[in-house]
Amino acid sequence: MNKKLLQKLKRKLEQEKEVLRKELRSFAKEDKKLKGDWDTRFPKWDGGEVGSAALEKAADEVEEYSTLLPIEYNLELKLKNIDLALEKIKKGAYGMCEKCGRKIDEKRLKIYPEARICLKCKK
Ligand SMILES: [Zn+2]
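Numbers given for residues are sequential positions, taken from 1 along each chain in its written order. Only residues with pLDDT of at least 70 are given local features in this predicted model, and only at 80 or more are side-chain atom pairs given and counted; all residues enter the totals for whole chains, interfaces and linings. Hydrogens and water are ignored here; the side-chain numbers use all heavy atoms of the structure.

(A) View of the side chain of E72. Secondary structure elements are defined from DSSP: runs of H or I of at least 4 residues count as helices, runs of E of at least 2 residues count as strands, and each element is numbered from the N terminus. Looking at the secondary structure, you find E72 in helix α2 (residues 52-91). Of the side chains bearing the opposite charge, K80 lies closest to the buried E72, which forms no salt bridge; the N-O distance is 8.1 Å. Exposure categories follow from relative accessible area, calculated using a 1.4 Å probe and restricted to protein chains: below 20% of the type maximum is buried, above 50% is exposed, and the middle band is partly exposed. Only four residue types enter the charge count: Lys and Arg as positive, Asp and Glu as negative, with His and the chain ends excluded. Definition used for salt bridges: Asp or Glu carboxyl oxygen within 4 Å of a side-chain nitrogen of Lys or Arg.

(B) Up close: the environment of M96. By secondary structure assignment, the location of M96 is in the loop between α2 and α3 (106-111). Overall, the relative accessible area of 38% leaves M96 in the partly exposed class. Between the C-alpha atoms of M96 and L77, which are 19 residues apart in sequence, the distance is 19 Å. Every residue pair with non-hydrogen atoms within 4.5 Å of one another is taken to be in contact. The contact partners of M96, leaving out residues within four places of it in the chain, are K88, G101, R102, K103, I104 and R116.

(C) Structural detail: the coordination of the zinc ion. The zinc ion binds to the protein through C97 (SG), C100 (SG), C118 (SG) and C121 (SG); the donor distances cover 2.3 Å. The donor set covers N, O and S atoms within 2.8 Å of the metal, switching to 3.2 Å for Na, K and Ca, and it leaves out water, so a site may look short of donors. Donor residues for the zinc ion sit on one chain with the sequence pattern C-x2-C-x17-C-x2-C. Of this pair, C100 sits in the loop between α2 and α3 while C121 is found in helix α4 (residues 119-122), placing the two residues 21 residues apart along the sequence.

(D) A look at the layout of surface pockets. Size it by volume and the largest pocket reaches roughly 310 Å³. The wall of the largest pocket is formed by 15 residues, among which K17, K35, D83, L84 and E87 lie closest to the centre. Secondary-structure elements contributing two or more residues to the lining of the largest pocket are α1 (3-25) and α2. Element by element, the count of residues in the lining of the largest pocket is highest for α2, at eight residues. In this count, Pro and Cys sit with the nonpolar residues alongside Ala, Val, Leu, Ile, Met, Phe, Trp and Tyr, while Asp, Glu, Lys and Arg are called charged and the others, Gly among them, polar. Along the lines of polarity and charge, the residues of the lining of the largest pocket split into four nonpolar, one polar and 10 charged. Grid points spaced at 1 Å over the protein atoms alone were grouped into cavities, where a 1.4 Å probe fits but cannot get out, and pockets, open sets with protein on both sides within 12 Å along at least five of seven lines, with lining residues defined by an atom within 4 Å of a point. Grid points are joined across faces, edges and corners, and a volume is the space filled by probe spheres set on the points.

That's the geometry; what it means functionally is another story.
Here it is in structure tokens:
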């Protein structure tokens, strides 16, 4: 792969990383001990309300929490793949398929720069 394309993909990965982190930060917090692990914030009980209105509100929040979990999981996974790709760029091992060890098609990397395996292995 030529240097120019590698730089371009690196920038793309870094930009995407920022966007993903921002998105994650809007509803989750990063686990300080486990790098790259995010936890969706469970809405805190404010204790201000009582009765059925409060119960309803709590139920809504639980529902919101369970909706956010799979989103968080997907964002986190994508972020991990991006970190991995950036790590490979640093080591000079970027663009190789993790399964067969062959070069991943540049066309694929342009669309999906965090790809870890080639199209053949994906099938
Ligand atoms: Zn492969």
